[in-house]
Amino acid sequence: MITLDNIEKIYESDNGTVHALKGINLTVSQGEIFGIIGTSGAGKSTLIRCINMLECPTKGSVTVDGQELTTLSEKELREQRKKIGMIFQHFNLLSSRTVYQNIAFPLELAKRSKEEIHTEVMHLLTLVGLADKKDQYPAQLSGGQKQRVGIARALANHPKVLLCDEATSALDPQTTKSILELLKNINREFNLTIVLITHEMQVIKEICNQVAVIENGYIIEQGKVLDVFTQPKENTTKEFISSIISHNLPEFFADLSLSATSTPGSNLMLRLSFIGNSAEDPVISSIIRRFDIDASILHGNIDHIQSTPFGTLIVELSGEQSSLDETLRYLQTRDLGIEVIGYVTRHARITN
Amino acid sequence: MSQDMLALLIKSLWETTYMVAVSGMISAIIGIPLGIILITTNKGHILENTALNKVLGVIVNAARSTPFIILMVAIIPFTRLLVGTSIGTNAAIVPLSIAAIPFVARIVESALKEVDYGVIEAAQAMGASPREIITKVLLPEAMPGIILGLTLTIISLIGYSAMAGAIGGGGLGDLAIRYGYQRFRADIMLITVIILIAQVQIVQSTGDYVARRLNKK
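What counts and how
Residues numbered from 1 in each chain as written. Chains lettered and ligands numbered in written order. Predicted model: local features only at pLDDT ≥ 70, side-chain atom pairs only at ≥ 80, totals over all residues. Contact = placed C-beta atoms within 7 Å. Helix = DSSP H or I, 4+ residues; strand = E, 2+ residues; numbered from the N terminus. Nonpolar A, V, L, I, M, F, W, Y, C, P; charged D, E, K, R; others polar. Pairing = 2+ DSSP bridges. Axes fitted to C-alpha atoms, helices over the stretch in contact; angles between N-to-C directions. Buried ≥ 20, exposed ≤ 12 C-beta atoms within 10 Å, placed from the backbone. Core = buried A, V, L, I, M, F, W, Y, C linked by C-beta atoms within 7 Å. Domains from an automatic or database assignment. pLDDT = per-residue confidence, 0-100. Parallel < 35°, antiparallel > 145°, perpendicular 65-115°, else oblique. Left-handed = near helix turned anticlockwise from the far one by under 90°.

S.K.: I keep staring at the interface of chain A and chain B and nothing clicks. Help me out?
M.R.: Listed per partner, the contact involves 18 residues of chain A and 17 residues of chain B. Going through the elements one at a time, α2 (74-81), β6 (84-88) and α3 (99-109) of chain A are the ones with two or more residues in the side of chain A that touches chain B. When the residues that make up the side of chain A that touches chain B are grouped by side-chain class, the tally is nine nonpolar, five polar and four charged.

S.K.: So what exactly am I meant to see when it comes to the sheet that holds strand β11 (residues 258-259) of chain A here?
M.R.: Strands belonging to one sheet form pairs held by backbone hydrogen bonds; the direction of such a pair is parallel or antiparallel. Residues and elements named next belong to chain A. With respect to topology, five strands assemble into an open sheet ordered β11-β15-β12-β14-β13, the strand pairing being antiparallel. A strand with exactly one partner marks an edge of an open sheet, and here the two such strands are β11 and β13 (293-305). Strand direction decides the pairing type here: β11 and strand β15 (residues 337-344), joined by two bridges, are antiparallel. Bridge assignment links L258 to a residue of β15, and that residue is V344. Taken strand by strand, helix α11 (residues 321-333) contacts β12 (267-275), β13, β14 (308-319) and β15, and its axis lies near 165° from that of β14.

S.K.: Can you help me understand the pairing of strand β8 (residues 193-198) of chain A in this one?
M.R.: Residue and element names in this part refer to chain A. Most of β8 is tucked away: six of the six residues are buried. Looking at chain direction, strand β7 (residues 161-165) and β8 are connected through five bridges and run parallel. Note that in β8 the partner of C164 across the bridge is L196.

S.K.: What should I look at first to understand the pairing of strand β9 (residues 210-215) of chain A in this one?
M.R.: All names here are of chain A. Of all the six residues making up β9, five are buried; the element is thus mostly covered by neighbouring parts of the structure. Relative to β9, strand β3 (residues 33-37) runs parallel, the two sharing four bridges. Among the inter-strand pairings, F34 is bridged to a residue of β9, identified as Q210. Here β9 pairs with strand β10 (residues 218-224) via six bridges, running antiparallel. Residue pairing across strands places V211 opposite G223, the latter belonging to β10.

S.K.: What am I meant to see in the nonpolar core here?
M.R.: Note that soluble globular proteins tend to have their nonpolar side chains buried in a common cluster. Of all hydrophobic cores here, the largest spans 154 residues; its most connected members are I103(A), V195(A) and V104(B). Taken domain by domain, the makeup of this core includes at least three residues from each of domain 1 (2-242) and domain 2 (251-344) of chain A. What I103(A) contacts, discounting residues up to four positions off in sequence, is V121(A), L124(A), L125(A), V149(A), A152(A), R153(A) and A156(A).

S.K.: Help me understand the confidence of the model for chain B, please; the structure alone is not making it clear to me.
M.R.: Detailed reading of the predicted model is not advised wherever pLDDT is low. Residues and elements named next belong to chain B. In this model, chain B carries a mean pLDDT of 92, and residues with pLDDT of at least 70 account for 99%. Looking at the elements of chain B, mean pLDDT is at its lowest for helix α8 (residues 172-181), recorded as 85, and at its highest for helix α6 (residues 117-125), recorded as 96. Scored by ipTM, the complex comes to 0.88, with pTM at 0.85.

S.K.: Please clarify how the domain arrangement of chain A should be interpreted in this entry.
M.R.: Quoted interface sizes are often the accessible area lost when the parts come together. By domain assignment, chain A separates into domain 1 (2-242) and domain 2 (251-344). When its residues are assigned to classes, the side of domain 1 of chain A that touches domain 2 of chain A shows three nonpolar, one polar and one charged.

S.K.: Hey, could you run me through the packing of helix α2 (residues 50-65) of chain B against helix α5 (residues 89-113) of chain B in this one?
M.R.: All names here are of chain B. Packing of α2 against α5 brings their axes to within 9 Å, and their N-to-C directions diverge by 125°. Of the possible angle classes, the one that applies to α2 and α5 is oblique. In terms of crossing hand, the pair formed by α2 and α5 is left-handed. Counted together, V60, A63 and R64 of α2 and I98, P102, F103, A105 and R106 of α5 form the full contact between these two elements. For the contact of α2 with α5, a count of residues per class yields six nonpolar, no polar and two charged.

S.K.: So what exactly am I meant to see when it comes to the packing of helix α1 (residues 3-40) of chain B against α5(B) here?
M.R.: Between two packed helices, the angle of one axis relative to the other and the distance separating the axes together describe the packing. All names here are of chain B. Taken N-terminus to C-terminus, the directions of α1 and α5 make an angle of 40°; their axes are 6 Å apart at the nearest point. Judged on the interaxial angle alone, α5 and α1 are oblique. For the pair α1 and α5, the crossing hand works out as right-handed. Residues belonging to the contact of α1 with α5 are distributed by class as follows: 21 nonpolar, seven polar and four charged.

Given below as structure tokens:
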């Protein structure tokens, strides 16, 4: 649906040149919700603006729905833009128009008749749940309601693609949730392709299928959300994910002295990660029953990435060295992620 | 006050109103598009053209920095060319308009500058042409500011129109000078001043009211 081929963007200004995008290749398939995450200044805003050519790439080509945009004339580009909806962090509604008139705006631009506009706007108002607000002005609405108007406006011309520029960054967590819910429903109902940029991993986790991490104008990591979340490769990615799922040891363990090899009387510390069905597997109770060991759960969480359960546990196993080795071998045959954190010697048993 | 005096007062009031209304209209008709060009040809705006922007900016500034009394005298040949005479109410409309056009242009420019660029970007993303952005986004969004600016223009024109009396333009200012000052008619002086104050008050209140009604922010 969307192909970005080797996109570069260089800004020339009086204070020198800024290389905002340094060769971005990206493919977004029909019906996908594609998230691009990055810190501010990473180039994500520029990138999403290249998709509808609000920013003209210095190099490279942009193809949306089989149409290359980079070679079009101004007029042809305007026609193509009508097939690409966009919503913004600060909503960008026309303050002089009512909710109804704001949603009607893109339809007016598309030269639709009054009757068509009326039918379409009323339908959209119901879709976003604002039918009772149609004659209000944006200033009278809450942030979430404004974004709903923005979404309705973006959908008015039945676009193939919806671009979301930090669409939830100005909203509180609850409103964010409801807006994301709405986007997800729209994606399902119309099989609409959505590209969103954000700095919040939560947003990616809630609704995206695919994620790309952008840093310094490069895409440093890209893949299915579940894969990137469970096996992040780059440090920046890990940092983003740690806001939701901690891959680091909790601070509580910082003053424990860990060693890579076992010493007599030391306990084995393991991190187990579960994805999908294995999250429901009663691993801990089964190892306790099978082997002569004790297990303490030191830290853990289970979360859902969309509908797939995903969790990590940090456990400390104590027992005879041979039992510990056997347990480890057993665990390795299970459908789990296992990481040996190290061996820890305790003077007293863990009491908490 | 005599019947004659009253007739003279009414005639002067009409002249002032006529001069201000016509020159206000002309300055709006030319000044508003000029203001639109000034903002949209800015760097990074929808019709970027920095050369045109600079040239217009210099012309507007030059016109604005000329004191009205000098402008009025300096353009007498031009006025004569346009209306056939350099004396009278119609002749006064020419310098009044020329003084007000750049004023309106700058005021419109600054009102349009207040429109959040994000809204323009949103319109661009929806496929709006520059023309549609101007007529459907910039002007409606900036309308309260433009109305207040035009109010200010009209009030300035009322003040300037008094000076136009110096070249035989007529109007209340002329009356105040000729009768109130030169013939020591304090009553005439007082009444013209009161009328001028009332005029300004009415214009300002009307402008405020309209701008407030249009402002949905």
